[in-house]
Amino acid sequence: MAEENEHTPKEADHDHEAQTKIAEEESSKKKSGRGSEEGAGMTSDLKSGGDSRKLTCSVILIFLLLAGVTTLIVWLVYRPHKPNFTVVGAAIYELNTTAPTLLTTSMQFTIVTRNSNKRVSIFYDHLSAYVSYRNQAITPPVMLPDLFHDKKTTVALSPILGGGVAVPVSLEVVNGLVMDEAYGVVGLRLVLLGRVRYKAGAIKSGKYGVVVKCDMLVGFKKGFLGQVPLLGSPGCHADI
């Protein structure tokens with residue numbers, strides 16, 4: 001009996017340890033299960049967030065592609081062509097040297113501009129014009145009225161330039177004009193400056209700078225006043 005009583009406490013301790021170990025294992029399994037569930041939930045959230053970003057990027061990319069295609073189609077349909085400018089008439093009423101380096105002029109030019117666009121109208125703003133000789137201005141700039149150029153139309157301008165106002169020039173210009181007048185052919189350049197806008201239906205463009213240069217040879221001798229012949233076909237180059 002004494003021996004049985006001695007072993008009983010040890011067995012009780014052993015049973016207690018076994019139960020404790022089993023409880024720890026069950027607790028560990030529960031924690032592991034909760035961790036797996038939390039990990040799965042986090043993975044699901046990350047996947048959902050990634051899908052949302054991919055969807056947003058796809059929508060933006062499709063929108064940009066559609067906008068680019070639409071812009072290209074509109075440009076191909078409504079792309080404007082440059083207007084054409086031609087000088088068809090010239091008159092010189094005054095061309096005198098009033099001082100060694102002062103030149104007084106009065107000229108008139110008729111310029112025809114053609115809008116060949118079928119769907120695009122053109123607006124000209126802040127137009128001005130002057131005449132140059134050997135790359136030097138011999139008339140002050142003159143402001144011209146704003147111009148509306150409808151589709152497939154032709155417009156004529158006849159500005160008078162110089163107006164008898166003395167303009168300072170170099171001796172090269174004075175001597176060159178004397179020689180050209182004696183020869184009977186004077187090379188002049190008519191320059192137009194301004195801003196241009198395009199309109200196609202409800203679509204309006206921004207403003208663009210325009211520079212038109214018309215180089216011409218005119219038949220002119222000193223002492224002659226009035227209409228002068230244009231030699232050859234004066235060409236104009238429009239830079240927009």
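Residues numbered from 1 in each chain as written. Predicted model: local features only at pLDDT ≥ 70, side-chain atom pairs only at ≥ 80, totals over all residues. Heavy atoms only, no water.

Some points on the state of the cysteines
In step 1: By the definition in use, this model includes one disulfide.
In step 2: Two residues share a disulfide in this structure: cysteine 214 and cysteine 236, whose sulfurs sit 2.1 Å from each other. With the S-S bond torsion at 115°, the cross-link from cysteine 214 to cysteine 236 turns out right-handed. Separated by 22 residues along the polypeptide, cysteine 214 in strand E12 (residues 208-219) and cysteine 236 in strand E14 (residues 230-239) bring together distant segments of the chain.
In step 3: Its relative accessible area of 0% is what places cysteine 214 among the buried residues.
In step 4: Exposure remark for cysteine 236: the relative accessible area of 21% places this residue in the partly exposed category. (Disulfide = S-S within 2.5 Å. Helix = DSSP H or I, 4+ residues; strand = E, 2+ residues; numbered from the N terminus. Buried < 20%, exposed > 50% of the residue type's maximum accessible area, 1.4 Å probe, protein only.)

As for a nonpolar patch on the surface
In step 1: Together, Ile60, Phe63 and Leu64 make up an exposed nonpolar region whose accessible area comes to about 330 Å².
In step 2: Within the secondary structure, leucine 64 sits in helix H1 (residues 2-78). (Patch = residues over 30% accessible without salt bridge, like charges linked within 9 Å, V, L, I, M, F, W, Y side chains within 5 Å. Areas by Shrake-Rupley, 256 points an atom, 1.4 Å probe, with all protein chains shown as cover. Salt bridge = Lys/Arg side-chain N within 4 Å of Asp/Glu carboxyl O.)

Some words on the pairing of E12
In step 1: Pairing between strand E10 (residues 185-200) and E12: twelve bridges, direction antiparallel. Bridge pairing links valine 185 to glycine 219 in E12.
In step 2: Sheet analysis places E12 next to E14, joined by seven bridges and oriented antiparallel. By the bridge assignment, valine 218 is partnered in E14 with leucine 230. (Pairing = 2+ DSSP bridges.)

Focus: the pattern of salt bridges
In step 1: Counted under the stated rule, the structure contains four salt bridges.
In step 2: One salt bridge connects lysine 151 with aspartate 150, and the closest N-O pair in it is separated by 3.6 Å.
In step 3: Accessibility expressed as a relative area gives 35% for lysine 151, which makes it partly exposed.
In step 4: Linked by salt bridges that have partners in common, Asp125, Arg197 and Lys207 make up one network.

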